[in-house]
Amino acid sequence: MNLKDPGSMTAVVGSVLRYGVLISAVIIVFGTLDLIAASGSADALGSIAYNPDRIPHGNFDVSLSGLVSGLIALQPYSLIELGAIVLIATPVSRVLISVFLFAAEGDKLYMVVTAVVLCLLLFSLLVTPFIPGFQA
Amino acid sequence: MVIIEFLLILFITSIFAGIFGSIVGVGGGVVIIPVLTLFLGVDIHFAIGASIVAIIGTSSGAATTYVKDKLTNLRVGMFLELATVAGAICGAAIAAYINSVALELIFGSILLIMLVPTVLKIGEDIPKSPDLKGLSKRLGLTGSYTETDGAIINYNATRPAAGLVWMAVAGILSGLLGIGGGAFKVLSMDLAMKLPMKVSTTTSNFMIGVTAAASAGIYFARGDVNPLIIAPVALGILIGAMIGARLLIRSRNPTIRKAFALVLAVTAVQMILSSAGIKL
């Protein structure tokens, strides 16, 4: 991979998207098969109950520690959540690589524009969930 | 309804949503949300959480093809994404203090009105490209792609400032309501910036993924991203988006615009009905 060649950078963008999507899909397929094996014939209603008065709203853990312990135990919900996280990471990585793509083209203006977009994106994705005003 | 039925219905619905969404540059929420809320009895908040995952899936699933065929205009997308992401953060920040009923009515009506210029342009194949001048020239908002008949189509964008304002609106809207951003993005590039329809929808396809990823953290933390719902949605939408992307490559601009006009009309009606208390 040559960081100074726009052609090879575009190929990198393509591979990241392809593998990101593939890895995410494989993890979600495993989680779903796991779920069907464990409770495929159970009623769906209990799993889609929405509780407006508390956070999290659903009957599933969204904490990082819960995710990690669930993954170690190969819990179906944790696997699916991991797959979703990989999927969410694909557009983020695409923006990150685009910073290098524009750098390779010698396009300083768009290198800066893309870097600003990346900062706003990471702030919104990772920081705003912890700001109370955003928890509407 | 047992879980396996629930998964199957959502999986099949999502394939269709992915095909449609990837062609017209929207996230597929327009198809998935009504099926979830009306047919499967899922709460609207879970439906919007699923829609966020669907948007990212549509974007990344189709992008593999669009990147290879160089349809997406990355400069136009990144420049406009400045306004969209900033708008989405502002929208999320004020969501708790805003009356979403009035908003949905206003935005739904705007989309409905925008159906007129969209339908008037319905037969347009390749737009007459304006000269590259002013801000568009300084920002390098130009590009080219290969049409189905092998012709190389060169195009320039016009009125980038107007496009930017539209995008800020699209961003605030996605931040506030979690839906409807894609239609505004396509309209902005099609009507304001006069890009070829394919370039507008594929560039919107790139942008909606970034905007949805920006708000994904909040929906995750709230517990609105329900694994039972998003698993079949993500898988179906990825398959659909890969099919849709291949269809778009082989379609001409008038066909894509017709599909977009249909999605635009349905989205507008959904928003207006939703403001009247009918959550579709």
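Throughout this document, residue positions are counted from 1 along each chain, in the order its sequence is written. To read the labels, note that chains go from A and ligands from 1, taken in the order they are written. Under the rules for a predicted model, residues below a pLDDT of 70 receive no local features and side-chain atom pairs below 80 are neither given nor counted, while totals for whole chains, interfaces and linings still include all residues.

1. Notes on unusual backbone geometry
The omega torsion across isoleucine 55 of chain A and proline 56 of chain A is 0°, close enough to zero to call that bond cis. Every helix listed is a DSSP run of H or I at least four residues long, and every strand listed is a run of E at least two residues long, numbered separately from the N terminus. Secondary-structure assignment places proline 56 of chain A in the loop between α1 (6–39) and α2 (64–72). Even without being glycine, lysine 70 of chain B reaches a positive phi, approximately 55°. You can see lysine 70 of chain B is positioned in the loop between α3 (44–68) and α4 (74–94). The exposure label follows from counting other C-beta atoms within 10 Å of a residue's C-beta, where the C-beta atoms are placed from the backbone and the thresholds are 20 or more for buried and 12 or fewer for exposed, leaving partly exposed in between. A count of 14 C-beta atoms within 10 Å places lysine 70 of chain B in the partly exposed class. A positive phi angle is found at lysine 194 of chain B, which is not glycine, with a value near 55°.

2. Points about the interface of chain B and chain A
Between chain B and chain A, the contact holds 57 residues from the first and 56 residues from the second. If you list the elements that add at least two residues to the side of chain B that touches chain A, you get α1 (3–24), α3, α4, α9 (197–222) and α10 (227–250) of chain B. Among the residues making up the side of chain B that touches chain A, the classes are represented as 40 nonpolar, 11 polar and 6 charged. In this description, any two residues whose backbone-derived C-beta atoms lie within 7 Å of each other are considered to be in contact. For this classification, Asp, Glu, Lys and Arg are treated as charged, while Ala, Val, Leu, Ile, Met, Phe, Trp, Tyr, Cys and Pro are nonpolar and the rest, including Gly, are polar.

3. Details of the pairing of strand β1 (residues 142–146) of chain B
Taken residue by residue, a regular strand's side chains alternate between the two faces of the sheet. Residues and elements named next belong to chain B. Across 5 bridges, the pairing between β1 and strand β2 (residues 152–156) is antiparallel. Bridged to glycine 143 within β2 is tyrosine 155. Counted along the chain from β1 to the antiparallel partner β2, the turn is 5 residues long, and its residue glycine 150 has a positive phi close to 90°. Strands are treated as partners if at least two bridges between them are detected by DSSP.

4. Focus on the confidence of the model for chain A
For every residue, the predictor states its confidence as a pLDDT score lying anywhere from 0 to 100. The share of residues in chain A with pLDDT of 70 or more is 95%, and the mean pLDDT across the chain is 89. Here α1 of chain A stands out as the least confident element of chain A, with mean pLDDT 90; helix α4 (residues 108–127) of chain A is the most confident, with 95.

5. Here we look at the packing of α1 of chain B against helix α11 (residues 253–275) of chain B
Residue and element names in this part refer to chain B. The contact between α1 and α11 brings their axes to 9 Å, and the two run at 115°. Our classification of the angle between α1 and α11 gives roughly perpendicular. Between α1 and α11 the crossing geometry is left-handed. Residues Phe20, Ile23 and Val24 of α1 form the contact with α11, whose participating residues are Ile256, Ala259, Phe260 and Val263. Classifying every residue of the contact of α1 with α11 gives 7 nonpolar, no polar and no charged. To get an axis, a line is fitted to the C-alpha atoms, and for a helix only the part in contact is used. The angle between two axes follows their N-to-C directions and goes from 0 to 180 degrees. Our angle categories are set so that under 35 degrees counts as roughly parallel, over 145 as roughly antiparallel, 65 to 115 as roughly perpendicular, and the remainder as oblique. Note: crossing handedness is left-handed where the near helix turns anticlockwise from the far helix by less than a right angle, and right-handed where it turns clockwise.

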